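Notes for the structure review
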Amino acid sequence: MEPTESRAGVALPDPALIVLVGPSGSGKSVWAAERYRPDEVVSSDRLRAVVGSGEHDLDASADAFALLDQIVAARLRRGLTAVVDTLGLDPERRRGYLQVARNSGMPAVAVLVDTDPAQCRLRNRARDVPVPAPALDGQLRRMRTAAGEIAGEGWDLVVRAETARPEPSHTPGARTAAGEQRQRPVQLGLVLQLSRFPWNEDPAGPRHWLASVARAAAEAGLQGIALMDHLIQIPQVGRAWEPIPEPWVTLGMLAGLEPGLRLGTLVTPVTFRPAGILAKTAATLDALSGGRSFCGIGAGWWEREHAGFGVPFPPARTRLDELESAIETVRALWAPGTKEYKSERVYLPETTCYPRPTGRIPVIVGGNGEKRTLRIAARLGDGCNLPADIGTLDHKLAILHQHCLEAGRDPAELEVTVLDVAVIGRDRTHAGSIVEKLRGRTSAAAFAQRHHAGTADDHIGRYRLLAERGVRTVFVSLPDLASPEDVLRLAPLAAAFS
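Residues numbered from 1 in each chain as written. Predicted model: local features only at pLDDT ≥ 70, side-chain atom pairs only at ≥ 80, totals over all residues. Heavy atoms only, no water.

1. Considerations on the nonpolar core
Counting 88 residues, the largest nonpolar core has Leu-192, Leu-194, Leu-222, Ile-225, Trp-334, Leu-400 and Tyr-463 as the members making the most contacts within it. When residues in this core are grouped by element, the largest group, eight residues, is from helix α12 (residues 316-334). When neighbours within four sequence positions are excluded, Trp-334 is seen to be in contact with Ala-279, Ala-282, Ala-283, Cys-295, Arg-356, Pro-357, Ile-361 and Val-363. Judged by nonpolar contacts, the second largest core, of 25 residues, contains Val-21, Ala-108, Ala-146 and Ile-150. (Core = buried A, V, L, I, M, F, W, Y, C linked by side-chain atoms within 4.5 Å. Buried < 20%, exposed > 50% of the residue type's maximum accessible area, 1.4 Å probe, protein only. Helix = DSSP H or I, 4+ residues; strand = E, 2+ residues; numbered from the N terminus. Contact = heavy atoms within 4.5 Å.)

2. Quick word on the environment of Cys-353
With respect to the secondary-structure elements, Cys-353 resides in the loop between β13 (347-348) and β14 (363-366). Separated by 256 residues in sequence, Cys-353 and Tyr-97 place their C-alpha atoms 70 Å apart.

3. Focus on the packing of helix α3 (residues 61-77) against helix α4 (residues 91-104)
Between α3 and α4, the least distance of the axes is 9 Å, while the angle of their chain directions is 25 degrees. By the angle class used here, α3 and α4 are roughly parallel. Both α3 and α4 take part in a crossing whose hand is right-handed. Every residue of α4 that contacts α3 at Phe-65, Leu-68, Asp-69, Ala-73, Leu-76 and Arg-77 is listed here: Arg-93, Tyr-97, Val-100, Ala-101 and Ser-104. Each residue belonging to the contact of α3 with α4 can be placed in one class, and the counts come to seven nonpolar, one polar and three charged. (Axes fitted to C-alpha atoms, helices over the stretch in contact; angles between N-to-C directions. Parallel < 35°, antiparallel > 145°, perpendicular 65-115°, else oblique. Left-handed = near helix turned anticlockwise from the far one by under 90°. Nonpolar A, V, L, I, M, F, W, Y, C, P; charged D, E, K, R; others polar.)

4. A few points about the environment of Val-42
Of note, Val-42 is situated in strand β3 (residues 41-43). A relative accessible area of 4% places Val-42 in the buried class. If near-sequence neighbours (up to four positions away) are discounted, Val-42 is found in contact with Leu-47, Leu-68, Ile-71, Val-72, Val-83, Val-84 and Asp-85.

5. Topic: the side chain of His-459
Structurally, His-459 can be placed in helix α17 (residues 456-468). When its relative accessible area of 0% is taken as the criterion, His-459 is described as buried.

6. Structural notes on the sheet that holds strand β5 (residues 108-112)
Taken together, the five strands give an open sheet; going across it, the order is β3-β4-β2-β5-β6, and neighbouring strands pair in parallel fashion. A strand with exactly one partner marks an edge of an open sheet, and here the two such strands are β3 and β6 (157-160). Across the sheet, the mean angle separating the axes of adjacent strands is 20 degrees when strand polarity is ignored. Across the sheet, helix α6 (residues 133-151) is in contact with β2 (17-21), β5 and β6; its angle to β5 comes to roughly 155 degrees. (Pairing = 2+ DSSP bridges.)

7. Observations concerning the sheet that holds strand β9 (residues 224-227)
Strand order in this closed barrel of eight strands is β8-β9-β10-β11-β14-β15-β16-β19, and the pairing throughout is parallel. Recorded for the sheet is a direction-independent mean angle of 25 degrees between the axes of neighbouring strands. Two strands pair when backbone bridges link them, and strand β8 (residues 189-194) and strand β19 (residues 471-477) are joined in this way by four bridges, in the parallel orientation. Of the residues in β19, the one forming a bridge with Val-191 is Phe-475. Against the sheet, α12 touches β11 (293-298) and β14, its axis set at about 170 degrees to β14.

8. What about helix α7 (residues 174-183)?
Three or more residues of α7 are buried, namely Ala-174, Ala-177, Ala-178, Gly-179 and Gln-181. For α7, the secondary structure elements touched by its buried residues are β7 (164-168), α17 and α19 (491-496).

9. Details of the side chain of Lys-396
Residue placement: Lys-396 occurs in helix α14 (residues 390-406). With a relative accessible area of 9%, Lys-396 lands in the buried category. Excluding residues within four positions of it along the chain, Lys-396 makes contact with Asn-368, Glu-370, Leu-374, Leu-386 and Pro-387.

10. Focus: α12
Under the 1.5 Å per step criterion, the end-to-end length of α12 is 27 Å for 19 residues, consistent within 8% with the ideal 27 Å. Within α12, 14 of the 19 residues are buried, leaving the element largely enclosed by the surrounding structure. (Expected span 1.5 Å × (residues − 1).)

11. So, unusual backbone geometry
Here the amide bond leading from Leu-266 into Val-267 is cis, since omega sits at -5 degrees, within 30 degrees of zero. With respect to the element layout, Val-267 can be found in strand β10 (residues 262-269). The peptide bond linking Tyr-354 to Pro-355 adopts the cis configuration, its omega dihedral lying at 10 degrees. Summarising the element assignment, Pro-355 is placed in the loop between β13 and β14.

12. Here we look at the packing of α12 against helix α13 (residues 373-380)
Between α12 and α13, whose axes approach to 11 Å, the crossing angle comes to 10 degrees. Relative to α13, the element α12 is oriented roughly parallel. Residues Leu-320, Leu-323, Glu-324 and Ile-327 of α12 form the contact with α13, whose participating residues are Thr-373, Ile-376, Arg-379 and Leu-380. Broken down by class, the residue content of the contact of α12 with α13 amounts to five nonpolar, one polar and two charged.

13. Overview of the pattern of salt bridges
Within this structure, the stated rule accounts for 34 salt bridges. For Lys-396, the salt bridge is made with Glu-370, and the minimal N-O distance between the two is 3.0 Å. Here Glu-370 lies in the loop between β14 and α13 and Lys-396 lies in helix α14, a separation of 26 residues in the sequence. Connected through salt bridges with shared partners, the residues Asp-14, Arg-37, Asp-39, Glu-40 and Arg-428 form a single ionic network. (Salt bridge = Lys/Arg side-chain N within 4 Å of Asp/Glu carboxyl O.)

14. Focus: the state of the cysteines
Under the criterion given, the structure shown has zero disulfides. Distance from the sulfur of Cys-384, which forms no disulfide, to the nearest cysteine sulfur (Cys-404) is 8.5 Å. The class of Cys-384 is buried, set by a relative accessible area of 0%. (Disulfide = S-S within 2.5 Å.)

15. Section: the packing of aromatic side chains
Under the definition given, this model contains five aromatic pairs. Among the aromatic residues, those joined into a ring-pair cluster are Phe-197, Trp-199 and Trp-209. Its end group placed over the ring of Tyr-354, Arg-356 keeps NZ or CZ at 4.6 Å from the ring centre. (Phe/Tyr/Trp six-rings, centres within 6.5 Å; stacked < 30°, edge-to-face > 60°. Lys NZ or Arg CZ within 6 Å of the ring centre and 35° of its normal.)

Encoded structure:
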């Protein structure tokens, strides 16, 4: 395989085996440090210092390389990136690394650090302990033939180092998409979805914590805040005894704090409140907030919280019937005038609901059941909230569009939103630390894949790909949210799509 190059640069699969190939002084260690975390880079020099007297202790080389081989195999077996920082000029050793990657099912990449020989010599002379000149000359000669050898060794990708950077494997094409967003930006709304409420860590209490988060959301350029509607904290987020506030009360408080934010739920189960009461609640919030409310609504799914609070939990079919009726009911009560409303499912002898909403409150249907929920969204919803995983999203969108067509509705009329529970780090090291903190007994590789772990730039590319599929709003939930400062990490994303 010939080295891959392009004007936009080369995306390196991540996680992967990365083998650096270049003579002493070519800059391999600097290249690796600029792109990967220290614990992802396995350096023969550093291991000499561990098992011997220092990086230049050649008597320790055999032990250092034995340890290097063990570390690389262990990382690849766990689905973790391993960057091999050695000369990479020994074809037998390269083929050994390649075989370990094959056995582990990991992509294998050879990176040619083909620096000008004069520059290598200059850097070598500046070292405290230079490589002897004849040895460096031999490395430079080997480098001239290495590219040809590597082309026939079966690597998944062979690249030159200059513009190659890692791209998370959960979103192929993200780097290119991020470049497209910088050159030809599209708009996309970002709303903070609050699912964790660690306000006990704030000495000033819950109200101060919420107000600080709201101010941070506005400062970051987000469009709004969405709250979960649950009676007990869900196991996907935290422990049952952690605080989970009643959302509509909390939204009412937020409406008086930050005048620029949209406010609503994602999502309110129809089992929790009679539809008429929900209509009254949302209309009041809309009036108090100056027309900034939205209403996420769904059939509900967690039987435990219903039982614990004495709330009936009928079968799924009944709950979906109630979802259809609820959307009709709130729409009738929000409509102008006071009159009778009658349909196949709903009868209201009058629609006296004051205050009326300031404007049209968007109804976002949550859930992605293909036979019924998506059909309800296509017929009755202003929006539909779908999974953020691109493969799943593509599948659900195809079904949703078909339901729209069967209902005689243009799919473009329906706003597509996604909930993205994303690990967004300040940099690669920070993203990795979040994964390690939260993963529990899940492997780091699987947790990072599930939560699309990456930097803000990685997520800009992801969100561009979502926008290209017709997504108009991303509800972003930070699984590590603890303080307002965490919300500010979303500022680069909001700015990119504003």
